[in-house]
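Here are the chains, one letter per residue:
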Amino acid sequence: MLSEDERSAFERDGFFLRPGFASSQTCAAMLEDVVSLCRNAGGPGLCEGALVMPENNLAGREARQPEDRVSKVFRLHRRPAFRAFIEDPRVLGLVGSLLGPRIDCFLSQFIFKNPGAWGQPWHQDSFYFPFDHSPQIGLWLAISEATLENGCLRVVPGSHHEPIHEHVPDRRPGANLGYVEIVDHDMSAAEPVLIQPGDLLVFHSHLMHSSEDNTSQDIRAAMVFHCAKSGTRITTPADVPVNDWMPLPPVPES
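Everything in this summary refers to the structure shown in the same document. (Residues numbered from 1 in each chain as written. Predicted model: local features only at pLDDT ≥ 70, side-chain atom pairs only at ≥ 80, totals over all residues. Heavy atoms only, no water.)

**Re the overall build of the chain**
From N to C terminus, the chain includes four helices and 14 strands. For 254 residues, the compact-globule estimate of 2.2 N^0.38 gives 18 Å, and the chain sits close to it at 17 Å. Its C-alpha atoms give the chain principal-axis dimensions of about 50 × 40 × 40 Å. For the chain, the proportion of its 254 residues judged to be buried stands at 53%. If you take every contact in the chain between residues at least 6 apart in sequence, the share linking residues at least 24 apart comes to 84%. Of the accessible surface of the chain, which amounts to about 11,300 Å², a share of 53% is contributed by carbon and sulfur atoms. Within the chain, the 33 negative side-chain charges are centred at a point lying 5 Å from the centre of the 21 positive side-chain charges. (Helix = DSSP H or I, 4+ residues; strand = E, 2+ residues; numbered from the N terminus. Rg over C-alpha atoms; globule rule 2.2 N^0.38 Å. Buried < 20%, exposed > 50% of the residue type's maximum accessible area, 1.4 Å probe, protein only. Contact = heavy atoms within 4.5 Å. Areas by Shrake-Rupley, 256 points an atom, 1.4 Å probe, with all protein chains shown as cover. Lys, Arg positive; Asp, Glu negative; His and termini not counted. Charge placed at Lys NZ, Arg CZ, Asp CG, Glu CD.)

Pasting the structure below:
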């Protein structure tokens, strides 16, 4: 299911990009559903099984709608608009080529990077995943264009070969809940990931990545799924509330 170039890029760099993977209708359906959910929630907390997290930093900008005050919404992959995507045979084929024929989706998050929102510091997703199997695979679907101005992702190619580095709490006063940062690695080789709506970034859970602040007037929205090999278990006494383990259909035979 992967091209040779994609497999080589993943092994060398820890990521590859599949342009134009999802239709504008798919992206619009996800955005419409999560906006409706945020408005029904009316603020942070649980709503319809999803977990709505607040945005602490909007550079003093006025929030006109509930979603304008949201940073991320977790636990979405059982909702129809999102489940249809993660169970798409094309998605299963991509992830299955990297993890094997049986996979679980354990984490999903819609990212509202509204105008004025801070970026997220350098981190590795595996820091958040104390599991007995590695790696996990991230699927970062652009819902809107990601630019330098609105806080696109930055990645350090090849950093997935690194072990999990020490992460310290985000040192900015008032940072969003759960934000941490790596401070013991040279990030000078970082490069931006400039992508269009519908583009899909597939990445290794050890890949070091971050994002800048959104200094534009527009949202930078994205939907991210995280998948693991079936049978993966956590190594801590209890799982975190953002996780929701869901087996996916068998990977279709090529």
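**Let's talk about the layout of surface pockets**
Empty space within the largest pocket amounts to approximately 800 Å³. Around the largest pocket, the lining comprises 44 residues; the ones closest to its centre are Lys 72, Phe 74, Gln 109, Gln 120 and Tyr 128. Per-class residue counts for the lining of the largest pocket are 24 nonpolar, 14 polar and six charged. (1 Å grid on protein atoms, 1.4 Å probe; cavity = no way out; pocket = protein on both sides within 12 Å on 5 of 7 lines; lining within 4 Å. Points joined across faces, edges and corners; volume = space filled by probe spheres on them. Nonpolar A, V, L, I, M, F, W, Y, C, P; charged D, E, K, R; others polar.)

**Some thoughts on the sheet that holds strand S10 (residues 191–193)**
Ordered in space as S10-S7-S12, the three strands form an open sheet in which the pairing is antiparallel. A strand with exactly one partner marks an edge of an open sheet, and here the two such strands are S10 and strand S12 (209–211). Each adjacent strand pair in this sheet contributes to an overall mean axis angle of 35 degrees, direction not counted. (Pairing = 2+ DSSP bridges. Axes fitted to C-alpha atoms, helices over the stretch in contact; angles between N-to-C directions.)

**Comments concerning unusual backbone geometry**
Most peptide bonds are trans, and most residues other than glycine sit at a negative phi. The linkage connecting Ser 134 with the following residue, Pro 135, adopts the cis geometry, with an omega of 10 degrees. Mapped onto the secondary structure, Pro 135 falls in the loop between strand S5 (103–113) and strand S6 (137–142). Positive phi outside glycine occurs at Glu 48, with the angle close to 55 degrees. With respect to the secondary-structure elements, Glu 48 resides in the loop between strand S2 (45–47) and strand S3 (50–54).

**Examining helix H2 (residues 24–41)**
A rise of 1.5 Å per residue sets the reference length of H2, with its 18 residues, at 26 Å; its end C-alpha atoms lie 26 Å apart and thus fit the reference within 8%. Within H2, the full set of buried residues consists of Cys 27, Met 30, Val 34, Val 35, Leu 37 and Cys 38. All buried residues of H2 fall inside an arc of 160 degrees around its axis, so they share one side. Pointing more than 90 degrees away from the buried face of H2 are the exposed residues Ser 24, Gln 25, Glu 32 and Asn 40. Within two residues after H2, Gly 42 carries a phi angle of roughly 70 degrees, on the positive side. (Expected span 1.5 Å × (residues − 1). Arc of directions from axis to C-beta.)

**What about the side chain of Ser 216?**
Topologically, Ser 216 is positioned in the loop between S12 and strand S13 (220–229). A distance of 2.7 Å separates a polar atom in the side chain of Ser 216 from a polar atom in the side chain of Asn 214. A polar side-chain atom of Ser 216 sits 3.1 Å from the main-chain amide nitrogen of Asp 218. Setting aside its immediate chain neighbours within four residues, Ser 216 contacts Arg 61, Pro 115, Glu 149 and Asn 150. (Polar contact = N/O pair within 3.5 Å; in protein donor to acceptor, adjacent residues only side chain to side chain.)

**Observations regarding the pairing of S6**
The buried count for S6 comes to six of six residues, which makes it a mostly enclosed element. By the alternation rule, side chains of S6 split into Ile 137, Leu 139 and Leu 141 and Gly 138, Trp 140 and Ala 142, which are all buried. Pairing analysis gives six bridges linking S6 to S13, with the strands arranged antiparallel. Within S13, the residue paired with Trp 140 across the bridge is Val 224.

**With respect to the packing of aromatic side chains**
Applying the stated criterion to the full structure yields 10 aromatic pairs. Look at Phe 127 and Tyr 128: their rings are 5.5 Å apart centre to centre, the planes differ by 80 degrees, and that puts the pair in the edge-to-face class. The class of Phe 127 is partly exposed, set by a relative accessible area of 34%. The exposure class assigned to Tyr 128 is partly exposed, which follows from its relative accessible area of 29%. Following the ring pairs from residue to residue traces out a cluster consisting of Phe 106, Phe 129, Phe 131 and Trp 245. Over the ring of Phe 21 we find Arg 90, and its NZ or CZ is 4.0 Å from the ring centre. (Phe/Tyr/Trp six-rings, centres within 6.5 Å; stacked < 30°, edge-to-face > 60°. Lys NZ or Arg CZ within 6 Å of the ring centre and 35° of its normal.)

**Let's talk about the side chain of Ser 108**
Structurally, Ser 108 is set in strand S5. There is a polar contact of 2.8 Å between the side chain of Ser 108 and the backbone nitrogen of Leu 76. A polar contact of 2.7 Å, which involves the side chain of Ser 108, links it to the side chain of His 77. Every residue in contact with Ser 108, bar those within four places of it in the chain, is listed here: Val 73, Phe 74, Arg 75, Leu 76, His 77, Met 223, Val 224 and Phe 225.

Everything listed here is a matter of geometry and, on its own, says nothing about what the molecule does.
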